[in-house]
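In case you want the letters, here they are:
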Amino acid sequence: MDIRQLEYFVELAKTQNFRKAAEQLHLSQPALSKSIRLLESELNTVLIERTNKSFKLTDTGDALFQKAVFLIQQFQDVYKTIEDVRLSNQGEIKIGIPNILGFLCYFDLICDFQKKYPGIHISVSGEGTKDINAALREERIDLGLGMLSENVPIARDLQVIPLTHDEGVLVVNKNKAYAAMDTISIRDMKDENFVLTNEQYLLYDDLMQLCMQEGFTPKIVAKSSQWDFLLKMVDSDFGVSVLPRPLVEKSDLPNIKAIKIKEGFNWDIGIFCLRNRPRTHAMNKFIEFTVEYLYEHKSFNYIYYANHHIEWNGNWKSEESRENREQDE
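Asks: Explain the overall build of the protein to me, please; I cannot follow it from the model alone.
Replies: Along the protein, the regular secondary structure elements total 11 helices and 13 strands. Classification of the 329 residues of the protein by burial places 45% in the buried group. At a minimum sequence separation of 6, the contacts of the protein that also span at least 24 residues come to 74%.

Structure follows, in structure tokens:
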């Protein structure tokens, strides 16, 4: 039994005439008769007393008619409810955002999103990318914003939509002899003390990978999940660090300097979600809004992918990303 069979039966019960009901339903009369016979066979009962001169529902037919009218209305209400939510932009989203991203622009982005879609309620938790992956699988969050790493493959159950490309830079105290340089090799830092983000962040893994490729293990004197603490450590000349370029540029600490890393150090950001979990209307609205917002706010100097239909595959190179963005502009 399906909803279409019930609709056919209800229309027939209302018109009490196979020919008229078939016309209303845009069916042939034999097709309608066959549908009613199949319904009777499935329910193992006679629904209509058929004679040449009269049309009458049986007791079971009358009982089915009463229930079918209710079920059809409920079925139609499902579509109406979904349409009402879609048009009124209602819903709820749980988002995981690392503190670094929140400071840069994403908290402002969320505030602007709430102004545009007041019916969509957002709850935010501050988590690193590694924690975001686990939180998605445990359904503690619906979407995550985090760093993309070419050294860490994306798990098969995750889908990642790339948002922006930038770079990590070496952060040093201005009293260092090399502070006047615009570009420096990470190899030249092998004897320096490092103050780094902790293992919660992919930034840590990528830096360790880069240092190993260049033949040394960095001498780490402090780790923290707090980016402002790391910047203050550098400002006080306790060591050097590697942090996202926009973060350093927004700092007003007087004694720090950002230097480009010669070997290159990508800092790509994307939206994470579970591949096998359907995205809600509210989630799709947030993704679309985020792409548009980042594209419009050019003051952040990112390279913008700005296409929520693209999926990160871990193979994009910085120069190619810049070239594509410039061509789009």
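Asks: Any chance you could explain the packing of helix α5 (residues 99–116) against helix α10 (residues 281–296) here in plain terms?
Replies: Two measures define how a pair of helices packs: the angle their axes make with one another and the distance between the axes. Interhelical geometry of α5 versus α10 gives an angle of 120 degrees and a closest axis separation of 10 Å. Put simply, α5 runs oblique to α10. Handedness of the crossing formed by α5 with α10: right-handed. For the pair formed by α5 and α10, the contact residues are C105, Y106, D108, L109, I110, D112, F113 and K116 on the first element and K285, F286, F289, T290, Y293 and L294 on the second. Taken together, the residues of the contact of α5 with α10 sort by class into nine nonpolar, one polar and four charged.

Asks: When you look at the side chain of D166 in this model, what are you seeing that I'm missing?
Replies: With respect to the element layout, D166 can be found in strand β6 (residues 158–173). Within the structure, D166 has its side chain in polar contact with the side chain of R245 (distance 2.5 Å).

Asks: Just to check I follow, could you spell out the packing of helix α2 (residues 18–25) against helix α3 (residues 29–43) for this structure?
Replies: Packing of α2 against α3 leaves a shortest axis separation of 9 Å and a crossing angle of 100 degrees. Considered as vectors, α2 and α3 are oriented roughly perpendicular to each other. The segment α2 lies against α3, with F18, R19, A21, A22 and L25 engaging Q29, L32, S33 and I36. The class makeup of the residues in the contact of α2 with α3 is six nonpolar, two polar and one charged.

Calculation notes
Residues numbered from 1 in each chain as written. Predicted model: local features only at pLDDT ≥ 70, side-chain atom pairs only at ≥ 80, totals over all residues. Heavy atoms only, no water. Helix = DSSP H or I, 4+ residues; strand = E, 2+ residues; numbered from the N terminus. Buried < 20%, exposed > 50% of the residue type's maximum accessible area, 1.4 Å probe, protein only. Contact = heavy atoms within 4.5 Å. Axes fitted to C-alpha atoms, helices over the stretch in contact; angles between N-to-C directions. Parallel < 35°, antiparallel > 145°, perpendicular 65-115°, else oblique. Left-handed = near helix turned anticlockwise from the far one by under 90°. Nonpolar A, V, L, I, M, F, W, Y, C, P; charged D, E, K, R; others polar. Polar contact = N/O pair within 3.5 Å; in protein donor to acceptor, adjacent residues only side chain to side chain.

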